[in-house]
Amino acid sequence: MWFSTYGDGIDSYDPETKQFEHHFNDPLVPGSLCNNIVNSLLTDHSGRLWIGTEDGKLSLYDPESGKFIAKNVSDKQVTDNPIISISQDHHGILWLATVKGLIRYDPETEQHKRYTTEDGLINNLTQAVVEDNQGMIWISTAAGLSMFDPVRKKFKRYSAGYGLQANEFKQKSGYKDSNGNLYFGGVNGFNKFDPRLLIPGEHRFPIVLTNLKIFNKNIKVSSDGSTPLEKDISETSSITLSHDQSFISLEFTALDYTFSGEKYAYILEGFDKEWNYVGSNNSAVYTNLPPGNYTFKVKAQNFSGSWTEGTNHLSLTITPPFWTIWWFQILCLLLLAWLVYAIYRYRVNAIIAQKADLEKLVEQRTIVVQKQAEELYEQSEHLQSLNEELQAQSEELRSQTDELFIQREQEQSAREEAERANQAKSIFLATMSHEIRTPMNGVIGMTALLSETELTREQRDYTRTIATSGEALLNVIDDILDYSKIESGNIDLEKQEFDLRVVMEEIMDLFAVQASKKNIDLLYFIEDALPDYIIGDSSRLKQILTNLINNAIKFTTEGEVFVHVQKLVESSDYGLNVGFSVKDSGIGIRPDQLPNLFKAFSQVDSSINRKYGGTGLGLVICERLVKIMGGEIVVDSVFGQGSVFSFNIQTQTGQRSDEKVMETVKITEVSGKRILLVAGSETNQAIFKKYLDGFKLITSVAFSEREALEMVNENKLIELVITQMKLTGSDGLSLAQLLKNNGNAKPVILLHAAGDDTAFKFPELFVGSLTMPVKKSALLNAIHRALTDHKNMSLNLVSDVKILDNHFSEQFPLKILVAEDNLVNQKFIQYVLQKLGYQIVMADNGIEVLKKLSETVYDVILMDIQMPEMDGFEATRMIRKEFGPKPYIIALTANAMQEDRNNCLLAGMNDYVAKPIKLEVIKEVLRKAYKIISQ
């Protein structure tokens, strides 16, 4: 015996042993009951026990193993479907009553199918299942009974209207007795019936129209014809409406009192192509019906699912508007024909009247033309007399033209004479430049060699004075040559891509030592908005900036010189406009002296000229070059406080751009670190703050030693200190010593002036040092090394070394031939190369060069241009013709103009060095030559 429980599984009782055995769900035990809420039990025809549970699964009990086998009888998308009752038909098929329909399950194939209201079931909440003797399946639900034909797979529904106790039945309350009677229990008792005695038949009922609306207004019955209805709509068989009454609504109902859930369908024959199935909606709406004859029909579905069509049909006629009737259309055609004829007659009459007007007008115009002809004849006579006067004037103009032609020839002759004079002046200046540069090469060169020897302090001071005087003389010569070229209009600008930041850094390096000697802060800042590369003449831009910065340092005794570069305007039509400003804290300029500032050979004050020197051409050349570059230069000065020289140039953005992959990686690695910046001035603080913000560092700023120590002690998260050597009231060395002795010691990077060896003397105090003005990339590299592995850093210090080192030839071994006719220059270049470790061969002219090349192979030729018998140009052309691209030829010439450099390169030379020769330059060109030759 088996007993089901609600929540405690099932129990089995053995009458022989009189023992109970409890079965329940245990997730840890395979084969246990699938759910503890058991709703139904069934022993099938084979004696197998089937259990229906709350989780919607069907379990089969295996008596041999004592385990339960779970059978899935629902689709995956169907959940929470408890099995209420189980029944088996005579074919062995199990029928399961669930809360979500009827399930057919075949134990042999384990196939299952679920039937719902969509298949014809009266309600999905099924309560009990019983098979009658005819093989029909009867299902009680919460809304009546359903009979299912397994063969035809059709449902037939029965509600309380068929005499049932009520629509709602109880769970598992279904039974069939031995006589074939069926019993179903419900909320108001139970029903007993013999399915064999049920007589099938159709349940018919009348369907009537209940209301008519036109434009959503109810139509009432009237006998005087004021409305379309002469009697009630339910009794009306036909109705006629005008074309402006084509928006109608018809309401209907089925007079079935056994069932209240009828479904309807309607059709308007002549308009609808098929029946409209509208469910329980009992109204039909039609808008804008075209004129014509229609028939409206309605049918309803009864409880058993069959359709009953109403017997009373409504004939509907929509009358057309008058303008669509044939006689009205014919009348319109006749009217249109009459209008066409009337227009034609009007046009003909208008043409006749216009013809008469034209004839009259022609007659009037003929009289006018005759008068004009007479006037023209008189004017012709007058013009004839004027023509005679013009001929006389023409003769006079011809004579004047001959005089102008003679004057033009005289002007052309004067212009050619002026050009020859200008050319002679240029040749004279170039010759004078060459003749001055040649001995200056010996003076400056020998001075440079002398500075490489062991000298006393006094001797070194004399040597430095000689070198400075020589450089000043060369600057004077260069200014005069540039001014001469600008005045003659022969200056041309290059258009090459160049790195603006590199140009600025080279200029800063040039003046770093000079500013350091005067104890002046030399600063610069380039805005990030500027592109990496611009197109223009970098050498001329260097010339402008060099002149302005040199003046700023020259006229400043204390404070700073600040160079600012920024983007002013950029557009697709005009390109890029770059602004430069050079600000100093020097002596300034008086307002009355500003008008003479850009005049040639003019000094703003003779006393200044005596103290500081200069030709008075530097600013003039700058102004002319800026104008050629499409910009202008202005000055703003306060006497005794300083000056600001600002200029702008018009250029284009370059196509190239630096790939800053390593810079991005380094910024990522140091991003978010806390740094203390100790700056000596507000300008320094602003520049370095922008750099550090660009590196995504969290920066604190201090201006004094005391303020810096307080910040380090208060903020333990500071990882690095960057300090200038010059501080307010102290210096960077003192700060570094205090930080080292502090319990919260931090690594320190020192920013110092050129030539300052403090960091070299105290390497234990600093993890790095940078020479001012500081390059942005160098600052990032120093910070990155300090924050990642500052223990292995080497200080950025340069010890004083001599320029000429005999080990240079070991690093760059070359076999050198020198072509030079001047004995002083021969001696100078020989001394320089010997001190670099080279053994050279000397030739006096181009012919000797060719002879020595035929005897020995040389790597490099230092070729003078102006030599007797055969000059450098001719010798180079002969070498390239006979010996090909080797050897590497470097021009040595006192002609320092840009066109001189171009002429040397066009003649076949590889490089160019202007006299007087600087030691650094000769080393650089030899280093470059070795690199190219060794490739």
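Naming follows an unreviewed UniProt entry, where the chain appears as Sensory/regulatory protein RpfC of Dyadobacter frigoris. According to the UniProt record, the Subunit (unreviewed entry) comment for the chain reads "At low DSF concentrations, interacts with RpfF."

1. Side note on the overall build of the chain
Counting its secondary structure elements, the chain contains 18 helices and 47 strands. Across the 935 residues in the chain, those meeting the buried criterion constitute 41%. Relative to all contacts within the chain whose residues are 6 or more apart in sequence, the contacts with residues 24 or more apart total 61%.

2. What to know about unusual backbone geometry
The residue after M772, namely P773, is reached through a cis peptide bond having omega 5 degrees. Within the secondary structure, P773 sits in the loop between β42 (768–771) and α12 (776–789). Residue K886 is joined to P887 through a cis peptide bond whose omega torsion reads 5 degrees. Position of P887 relative to the elements: it lies in the loop between α16 (872–883) and β46 (888–893).

3. Considerations on the sheet that holds strand β7 (residues 67–71)
Within a sheet, neighbouring strands are paired by backbone hydrogen bonds and run either parallel or antiparallel to one another. Spatially, β4-β5-β6-β7 is the arrangement adopted by the 4 strands of the open sheet, whose pairing is antiparallel. Single-partner strands in this sheet number two, and they are β4 (38–43) and β7. Going across the sheet, the axis of each strand differs from the next one's by a mean of 25 degrees, ignoring polarity. In terms of strand pairing, β4 meets strand β5 (residues 49–53) through 5 bridges, oriented antiparallel. Residue pairing in the sheet places S40 in a bridge with G52 of β5.

4. A few points about the side chain of E505
For E505, the position within the fold is in helix α3 (residues 500–517). As a buried residue without a salt bridge, E505 has its nearest oppositely charged side chain in R501, at a separation of 4.8 Å. With near-sequence residues (within four places) excluded, E505 lies in contact with Y524 and K775.

5. Some points on empty space enclosed by the protein
The final tally for this structure, using the stated rule, is 4 cavities of 30 Å³ or more. Within this model, the largest cavity holds a volume of roughly 70 Å³. In terms of lining residues, the largest cavity is bounded by I207, V208, L209, F296, K297, V298, G310, N312, H313 and L314. Of all the secondary-structure elements, those providing two or more residues to the lining of the largest cavity are β19 (207–214) and β26 (292–301).

6. Some words on the nonpolar core
Counting 68 residues, the largest nonpolar core has I549, F647, I722, L779 and I783 as its most contacted members. Each of domain 3 (491–653) and domain 4 (659–788) accounts for three or more of the residues forming this core. Formed by 27 residues, the second largest nonpolar core is a distinct cluster that contains I207, L212, L250 and V298.

7. Some points on the sheet that holds strand β10 (residues 101–106)
The sheet built from 4 strands is open, its strands ordered β8-β9-β10-β11 with antiparallel pairing. Two strands close off the open sheet at either side, each with one partner strand: β8 (83–88) and β11 (111–115). Adjacent strand axes in the sheet meet at a mean angle of 20 degrees, parallel and antiparallel pairs treated alike. Relative to β11, β10 is paired through 5 bridges, and the arrangement is antiparallel.

8. Digging into the packing of α3 against helix α4 (residues 538–554)
In a packed pair of helices, the relevant descriptors are the angle between the two axes and the axis-to-axis distance. Running from amino to carboxyl end, α3 crosses α4 at an angle of 30 degrees, the nearest separation of the two axes being 10 Å. Taken together, the axes of α3 and α4 are roughly parallel relative to one another. In the crossing of α3 with α4, the sense of the turn from one axis to the other is right-handed. Contacts between α3 and α4 involve L500, V503, M504, E506, I507, M508, L510, F511, Q514 and A515 on the former and, on the latter, S538, L541, K542, L545, T546, I549, N550 and I553. Split by residue class, the contact of α3 with α4 holds 12 nonpolar, 4 polar and 2 charged.

9. Observations regarding the side chain of D272
Positionally, D272 belongs in the loop between β23 (263–269) and β24 (276–279). One polar contact links D272 to N276, side chain to side chain, over a distance of 3.1 Å. Among the polar contacts listed, one links the side chain of D272 to the side chain of Y286, at a separation of 2.4 Å.

10. Quick word on helix α6 (residues 618–628)
Taken across its 11 residues, α6 has 8 buried, putting it largely inside the fold. Residues of α6 that are buried include every one of G618, L619, V620, I621, C622, E623, L625 and V626, and no others. Just past α6, the residue G630 takes up positive phi, approximately 85 degrees.

11. Considerations on α4
Here α4 spans 24 Å end to end across 17 residues, near enough to the 24 Å set by a 1.5 Å rise per residue. Along α4, the positions that sit buried rather than exposed are R540, L541, I544, L545, N547, L548, I549, N551, A552 and I553. The residue sitting at the N-terminus of α4 and contributing the capping side-chain oxygen is D537; that oxygen lies 3.3 Å from the backbone nitrogen of R540.

12. A closer look at the packing of aromatic side chains
Scanning the entire structure with this criterion turns up 29 aromatic pairs. Taking the centre distance of 5.7 Å and the plane angle of 25 degrees together, the rings of W138 and Y158 count as stacked. On the criterion of sequence distance, the pair formed by W138 in strand β13 (residues 137–141) and Y158 in strand β15 (residues 154–158) is long-range, its members being 20 residues apart. A residue is classified by how much of its surface remains accessible, and Y158, at 11% relative accessible area, is buried. By the ring-pair criterion, three or more aromatic residues cluster together here, those being F252, Y264, Y266, F271, Y286 and F296. Seen from the ring of W275, K299 lies directly overhead, with NZ or CZ sitting 4.5 Å from the centre. Taking NZ or CZ as reference, R590 lies 4.0 Å from the ring centre of F639, over its face.

13. A few points about the environment of L735
Structurally, L735 can be placed in helix α10 (residues 732–741). Take L735: its relative accessible area is 1%, and that puts it in the buried class. Taking the C-alpha atoms as reference points, L735 and A708, separated by 27 residues in sequence, lie 8.2 Å from one another. Setting aside chain neighbours within four positions, we find L735 in contact with V678, E705, A708, L709, T723 and L727.

14. Things to note about the pattern of salt bridges
Tallied over the full model, the rule gives 17 salt bridges. Put simply, K297 and E269 hold a salt bridge, and the shortest N to O gap is 2.8 Å. Highlighted residues: K297 in strand β26 and E269 in strand β23, separated in sequence by 28 residues. For E269, a relative accessible area of 32% translates into the label partly exposed. Across the salt bridge formed by K673 and E719, the nearest N and O atoms sit 3.8 Å from each other. Of the two residues, K673 sits in the loop between α7 (661–670) and β36 (674–678) while E719 sits in the loop between α9 (705–714) and β38 (720–724), which places them 46 residues apart along the sequence. Given a relative accessible area of 24%, K673 falls into the partly exposed group.

About the cut-offs
Residues numbered from 1 in each chain as written. Predicted model: local features only at pLDDT ≥ 70, side-chain atom pairs only at ≥ 80, totals over all residues. Heavy atoms only, no water. UniProt positions renumbered as here; feature names shortened; annotations may be inferred. Helix = DSSP H or I, 4+ residues; strand = E, 2+ residues; numbered from the N terminus. Buried < 20%, exposed > 50% of the residue type's maximum accessible area, 1.4 Å probe, protein only. Contact = heavy atoms within 4.5 Å. Pairing = 2+ DSSP bridges. Axes fitted to C-alpha atoms, helices over the stretch in contact; angles between N-to-C directions. Lys, Arg positive; Asp, Glu negative; His and termini not counted. Salt bridge = Lys/Arg side-chain N within 4 Å of Asp/Glu carboxyl O. 1 Å grid on protein atoms, 1.4 Å probe; cavity = no way out; pocket = protein on both sides within 12 Å on 5 of 7 lines; lining within 4 Å. Points joined across faces, edges and corners; volume = space filled by probe spheres on them. Core = buried A, V, L, I, M, F, W, Y, C linked by side-chain atoms within 4.5 Å. Domains from an automatic or database assignment. Parallel < 35°, antiparallel > 145°, perpendicular 65-115°, else oblique. Left-handed = near helix turned anticlockwise from the far one by under 90°. Nonpolar A, V, L, I, M, F, W, Y, C, P; charged D, E, K, R; others polar. Polar contact = N/O pair within 3.5 Å; in protein donor to acceptor, adjacent residues only side chain to side chain. Expected span 1.5 Å × (residues − 1). Phe/Tyr/Trp six-rings, centres within 6.5 Å; stacked < 30°, edge-to-face > 60°. Lys NZ or Arg CZ within 6 Å of the ring centre and 35° of its normal.

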